[in-house]
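Single-letter residue listing:
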Amino acid sequence: MPTPSPLLTPELLTQLERLEIVTRKMFRGHRKGERRSKRKGQSVEFDDFRNYVSGDDLRLLDWNLYARLDKLIIKLFLEEEDLHFYLLLDASRSMDFGQPSKLAYARQLAAALAFIGLVRADRVRIETLGQASGQRSPVLRGRSSVPRMLRQIEAIAAEDTVSLANGVKNFCLRNTGRGVVVLISDLMDKQGYETALRWFVAHQVDCYVIHLLSREELDPEVKGDLLLVDCEDHDQAEITVSAPLLAHYQRTLHAFTHNAREFCTRRGIQYLLADNQMSIQQLVAHHLWERGLVQ
Amino acid sequence: MDSLIYNTLSPWQWALMGLIPPALIALYFLKLKRQPLEVPSTYLWHRVVEDLHVNSLWQKLRRSLLLFLQLLVIFLALLALLRPGWQVDALVGERFIFLIDNSASMSATDVRDPDLNGGLLTATTNPASSRLNLAKQHVAAMIDHMTSRMSAMIITFAEQTQVVQQFTSNRKKLRAALQRIKPSAGRTHLGDALELASGFANPERITSEEDGREYEVTDPSPVDLVILSDGCFEAVRGFSLGNLRPQFLPIGSVKALNLAITGLSVRPGENRPERRQVFVQVANFSDQAQRTVVDLTLNGELVDAAELEIAADDISGITFSLGEISEAALRARLEIPPSLADRLQLDNTAYAALNPDRVGRVLLVTPGNPPVELALATQQVGHWAVVEKRSPELLESLEFQQLAESDTYDLMIFDRCVPPRMPLANTLLIGRIPTVPQWQKKSSDRIHFLPQIVDWQRAHPLLNLVELGNVRIADTRIVNPPPGGKILVDSSQGPILAIAGRDPYEDVVLGFEIVGRGTDGQPIMNTNWPRRLSFPNFWLNVIQYLASGTMRQDSPVHQPGESLELPRTIFGNGPYAGSPAKDSKLAEQERADQGKLKNLAVILPDGTQQALSPPQHGVYAFHDTFLPGIYEVRAGNKRLYRFAVNLLDPNESDIRLHTHSLGESGLRRVDSISIGYVDIAAQTQTVASRRELWKWLLLAVLVVLMVEWYIFNRRVYV
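Residues numbered from 1 in each chain as written. Chains lettered and ligands numbered in written order. Predicted model: local features only at pLDDT ≥ 70, side-chain atom pairs only at ≥ 80, totals over all residues.

## A word on the overall build of chain A
Phase 1: Per the secondary structure count, chain A includes 9 helices and 10 strands.
Phase 2: For chain A, the proportion of contacts with a sequence separation of at least 24, taken over those separated by at least 6, is 76%. (Helix = DSSP H or I, 4+ residues; strand = E, 2+ residues; numbered from the N terminus. Contact = placed C-beta atoms within 7 Å.)

This is the structure we're talking about:
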């Protein structure tokens, strides 16, 4: 049994054990796993027949058919392989806001998803956007890796800001393997999130974007005349809070999330807006289940 | 001050004020102290602010509630500086005295008459309402406008001044007091009311004398004196208003028509004194000739009537002859045709009372004076008085002391003798000065020879029809009356006939003897007067004036509200006409009358009976003469005396507001009333004042400031 950790409570773990990561695409795995692969291979599940060509493994010949038809026919079986499951966390300073902070929430969510992957013997790799292009995170695999996974996630702290596009680009360059990528970010990049998401599309991964916003961002409780300072680039904005301003903020926020959702949907990316007040259980069991990441 | 705003600032001050709002807006934009707040990202906020910037500056202003509130505060403050306000019928001041005229003329019902330029305060109620009701309405309106810090008192003035309500700020009390005011039939005496008001206005006026100069110690508090009257009275002289700030609200109209009886007298007939004549004087206070009928009723029965035509603003008289009547209640009444809008009913009726004739008793104390005795023995004199003659020895006797104290006689004539003490009667001294110090102080017993008569008071009743130009006098004493006395005959040597009061009697002193005594002790004539026609006339006058009351007061007439003294003689200490006092039956009757004097009462014209209070200093006084009509003095069931109370005052009956023309414009304006040396202009409006808003505006400023503070602290979003 995995060590109890603040990231994952026992109740959550029992729930998560029943789930698995689902991908709508089939990818090639590296090792024997529990998922069907594009490759034909050696499993118990029959897939197809084909004519024998020289060089084929003789062990795969269907001798019964040869006796009946006098033809060499090879029997193909479905190959079951493991799945590449990438968790990409935005650990910029902007994520370190909220109660609980968005980063903490993201860590918890990542731990939960990684646990599901590990339990189902998927190849789980957890990375952050700020990681240098040469620095790769270890691949975790199997239930025994849960403690390592937890330690790795717990070690994630708010780091210097890398633009979303650069972070994703580095991630794609580092990891050539196809698989499922879950990006947990607030998408608050002044250069926009579009470039970053296009990288995923180009990389042909099954991408999930969990757009994580804090309650303070969804419904800011600000008053008076304020000088807003961006924690990342120390950019400033002067506002005088008024009801119309707040209403306008709500409209802008709604437009922002709506655009992001639409952008993702058009490109086959699953989008989920989450806020830090939502419980992990609820998020995983309902919203991610609804969107087909887990089942 | 009747415009909507009242500018209090000069243009450059306004320029400074005008800079405040732009400065405020500038400060609002320059407001640098924003509270820094670290946020995850300004990404969305920037987009919000950029969008708002697109919406122009104005929108930002519009949505800034705090700025709006601050501007509102500035605006309200500026507005307060403009002192907006309007004219209202309100009171300005703290203490008020409402002087309400309730004299006879205020009963006029002309409040709905057409009027000239706003002289009249128009009434809103029924047309039958009187001027007094209108005045009460206006005072009620002013009371309604009183604030809690104001106090007021109400005084009515007519013949008598009455404080209806002392100073109070209780409006309920004031209204109740107002309701108590009743019209009276008296004349208008503003002076008394002003004295009273002045006394109430400065109750603690104290002066202290330092270095021979007077300083007022207490600060006098000003009092607003509101006089509501029709101005039907004489100007008030010799009154200083002091702290009183008078306002005069004229009530009435300038065209009010009125016919009035302004005179009613009953006189003995010229040829036959026992026959009476009634003289009625009627005045027409309108600008057109009027015809009217005068009725005369005697004891309730019509005895005569006559038609009378009176020119505009004129008076006319008519004489009715009555028979030999000795006791009667007369009423003269104007029959006003219904077409004539007579606005004052009160003066259309006048009353007169005739009392039974009474013969005076005269005691002549003389050592012998044939001319005087002869003059007092005429038939005419006998009609008025019974003359008894005694010698001067009487003066030394105990009997005289009793007589002097009993007021048995109406007149005592002392010829060449002086009573040791003045009796309770009118006296006439011939050739001697009374022993009273007041007389002695100024006169002396020194004899002056051959005085020439220079002047005499022809108007005095004693010298009525007395010609003294041809009278020679050998010697005389000079008589100087005490203060309050009057010199009747003046000679080249000094006064030789004088009269002076000695309450309630009068003393007449004739300086020269008529019959003197020569050195040989023989009587000699000191003057040729007895041979002149004026001599019997004088003695007749003496008897009429001193022995039977003031010029034979057959029909005593008093003004409404006047306090009067009832003649002593009516209470039975004198013989009745035609029956000498020696008559034993009559004497018994007199004694019976004396016994009944305990139940003295006065029957008022409205039938009510009022007990007569006991006499003070031998005088019966009666005050409750507010109703015009005939009053009866009764002792038990016996009628002792009747007197009439009448208005008979042209000033009161001329109920038109007095006006004067305003230049060539043809406008007319109600005359001001004059008090002391101050003319108080008539106000055409009710007491109007300016009600200003600036206090409320400043209050609103405070409220807005509080709201702004609340919003600033609580961050109320709008």
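Following the structure, the description resumes.
## What about the overall build of chain B?
Phase 1: Of regular secondary structure, chain B possesses 15 helices and 40 strands.
Phase 2: Expressed as a percentage of the 718 residues in chain B, the buried residues total 36%.
Phase 3: Sequence-distant contacts, at least 24 apart, represent 69% of the contacts inside chain B between residues at least 6 apart. (Buried ≥ 20, exposed ≤ 12 C-beta atoms within 10 Å, placed from the backbone.)

## Observations regarding the environment of Gly 431 of chain B
All names here are of chain B.
Phase 1: Summarising the element assignment, Gly 431 is placed in the loop between β20 (426–430) and α11 (437–442).
Phase 2: Separated by 79 residues in the primary sequence, Gly 431 and Leu 510 have C-alpha atoms spaced 5.8 Å apart.
Phase 3: When near neighbours in sequence (up to four residues on either side) are disregarded, Gly 431 contacts Arg 416, Arg 477, Leu 510, Phe 512 and Glu 513.

## Looking at the sheet that holds strand β3 (residues 95–101) of chain B
All names here are of chain B.
Phase 1: If you trace the 5 strands from one edge of the open sheet to the other, you get β5-β4-β3-β8-β9, paired in mixed fashion. Here the strands that pair on one side only, and so sit at the sheet edges, are β5 (161–168) and β9 (244–250). Put simply, the sheet's adjacent strands are angled 15 degrees from each other on average, direction ignored.
Phase 2: Of the pairings in the sheet, the one linking strand β4 (residues 151–157) to β5 comprises 5 bridges and is antiparallel in character. In the sheet register, Ile 155 faces β5, and the bridge partner there is Val 163.
Phase 3: In this fold helix α6 (residues 171–180) packs onto β4 and β5, with an angle of close to 170 degrees to the strand it touches most, β5. (Pairing = 2+ DSSP bridges. Axes fitted to C-alpha atoms, helices over the stretch in contact; angles between N-to-C directions.)

## Digging into the sheet that holds strand β32 (residues 609–611) of chain B
Residues and elements named next belong to chain B.
Phase 1: Taken together, the 5 strands give an open sheet; going across it, the order is β29-β35-β34-β31-β32, and neighbouring strands pair in mixed fashion. Each end of this open sheet is capped by a strand with a single partner; those strands are β29 (557–558) and β32.
Phase 2: Of the pairings in the sheet, the one linking strand β31 (residues 600–603) to β32 comprises 3 bridges and is antiparallel in character. Counted as the bridge partner of Val 602 is Gln 610 from β32.

## What to know about the nonpolar core
Residues and elements named next belong to chain B.
Phase 1: Counting 88 residues, the largest nonpolar core has Ile 97, Phe 98, Leu 99 and Leu 228 as its most contacted members.
Phase 2: With 6 residues, the top contributor of residues to this core is helix α5 (residues 131–144).
Phase 3: Beyond its immediate sequence surroundings of up to four residues, Ile 97 is in contact with Met 153, Ile 155, Ala 197, Phe 200, Ala 201, Val 223 and Leu 225. (Core = buried A, V, L, I, M, F, W, Y, C linked by C-beta atoms within 7 Å.)

## Examining the interface of chain A and chain B
Phase 1: Between chain A and chain B, the residue contacts involve 33 residues of the former and 24 residues of the latter.
Phase 2: Elements represented by at least two residues in the side of chain A that touches chain B include exactly β8 (225–230), β9 (236–240) and α8 (243–266) of chain A.
Phase 3: In terms of residue count, α8 of chain A provides more of the side of chain A that touches chain B than any other element does, 9 residues in total.
Phase 4: Partitioning the side of chain A that touches chain B into residue classes produces 17 nonpolar, 7 polar and 9 charged.
Phase 5: Inspection of the sheet shows β8 of chain A paired to strand β1 (residues 35–39) of chain B by 5 bridges, in the parallel sense. Note on β1 of chain B: the bridge partner recorded for Val 229 of chain A is Glu 38 of chain B. (Nonpolar A, V, L, I, M, F, W, Y, C, P; charged D, E, K, R; others polar.)

## Focus: helix α12 (residues 534–547) of chain B
Residues and elements named next belong to chain B.
Phase 1: Across its 14 residues, α12 extends 19 Å between first and last C-alpha, which sits within 8% of the 20 Å expected from 1.5 Å per residue.
Phase 2: Counting buried positions over the 14 residues of α12 gives 10, a clear majority of the element.
Phase 3: Taken residue by residue, α12 has Phe 535, Phe 538, Trp 539, Leu 540, Val 542, Ile 543, Gln 544, Tyr 545, Leu 546 and Ala 547 as its buried positions. (Expected span 1.5 Å × (residues − 1).)

## Some words on the packing of helix α1 (residues 10–17) of chain A against helix α3 (residues 102–119) of chain A
Helix-helix packing is described using two parameters, namely the angle between the two axes and the distance between the axes.
Residue and element names in this part refer to chain A.
Phase 1: Orientation of α1 relative to α3, taken along the N-to-C sense of each, is 45 degrees, at an axis distance of 9 Å. It follows from the interaxial angle that α1 and α3 lie oblique. Handedness of the crossing formed by α1 with α3: right-handed. Across the interface between the two elements, Leu 12, Leu 13, Leu 16 and Glu 17 from α1 touch Ala 112, Phe 115, Ile 116 and Val 119 from α3. (Parallel < 35°, antiparallel > 145°, perpendicular 65-115°, else oblique. Left-handed = near helix turned anticlockwise from the far one by under 90°.)

## Considering unusual backbone geometry
Residue and element names in this part refer to chain A.
Phase 1: Geometrically, the link from Gln 99 to Pro 100 is a cis peptide bond, its omega value of -5 degrees lying close to zero.
Phase 2: Within the secondary structure, Pro 100 is located in the loop between β3 (84–89) and α3.
Phase 3: Positive phi is not limited to glycine here, since Asp 70 has a value of about 65 degrees.
Phase 4: Turning to its location among the elements, Asp 70 is positioned in the loop between α2 (63–69) and β2 (73–81).

## Observations regarding the environment of Ser 145 of chain A
All names here are of chain A.
Phase 1: Note on placement: Ser 145 falls in the loop between β5 (139–141) and α4 (146–154).
Phase 2: Under the C-beta neighbour-count criterion, Ser 145 is labelled partly exposed, with 19 such atoms within 10 Å.
Phase 3: Remark: the alpha-carbon pair of Ser 145 and Leu 118, spanning 27 residues in sequence, is separated by 7.1 Å.
Phase 4: Contacts of Ser 145, omitting those with residues within four sequence positions, involve Leu 118 and Leu 140.

## Details of the packing of α3 of chain A against helix α9 (residues 280–290) of chain A
All names here are of chain A.
Phase 1: Between α3 and α9, the least distance of the axes is 10 Å, while the angle of their chain directions is 50 degrees. Judged by the inter-axis angle, α3 sits oblique to α9. Of the two possible hands of crossing, α3 and α9 adopt the one that is right-handed. Here Gln 108, Leu 109 and Ala 112 of α3 come into contact with α9, specifically with Ile 280, Leu 283 and Val 284.
Phase 2: For the contact of α3 with α9, the class distribution of residues is 5 nonpolar, 1 polar and no charged.

## Some words on helix α7 (residues 190–201) of chain B
Residues and elements named next belong to chain B.
Phase 1: Here α7 spans 16 Å end to end across 12 residues, near enough to the 16 Å set by a 1.5 Å rise per residue.
Phase 2: Three or more residues of α7 are buried, namely Leu 190, Ala 193, Leu 194, Ala 197 and Ala 201. Buried residues along α7 cover an arc of 100 degrees about the axis, so they all sit on one side. (Arc of directions from axis to C-beta.)

## Points about the pairing of β8 of chain A
For a regular strand, side-chain orientation follows a simple rule: the groups alternate between the two sheet faces.
Residue and element names in this part refer to chain A.
Phase 1: Summarising the sheet, β8 and β9 pair through 5 bridges and their orientation is antiparallel. If you follow Leu 228 over to β9, its bridge partner there is Ala 237.
Phase 2: Between the end of β8 and the start of β9, which pair antiparallel, lie 5 residues, with His 234 showing a positive phi angle near 55 degrees.

## Concerning the confidence of the model for chain B
Residue and element names in this part refer to chain B.
Phase 1: Overall, the predicted model of chain B reaches an average pLDDT of 79, with 82% of residues at or above 70.
Phase 2: Below a pLDDT of 50 lies the segment residues 113–127, which in the model reaches 32 contacts outside its immediate sequence neighbourhood of four places, other chains included.
Phase 3: Scored below 50 in pLDDT, residues 573–586 shows 24 contacts in the model against residues more than four places distant or in partner chains. (pLDDT = per-residue confidence, 0-100.)

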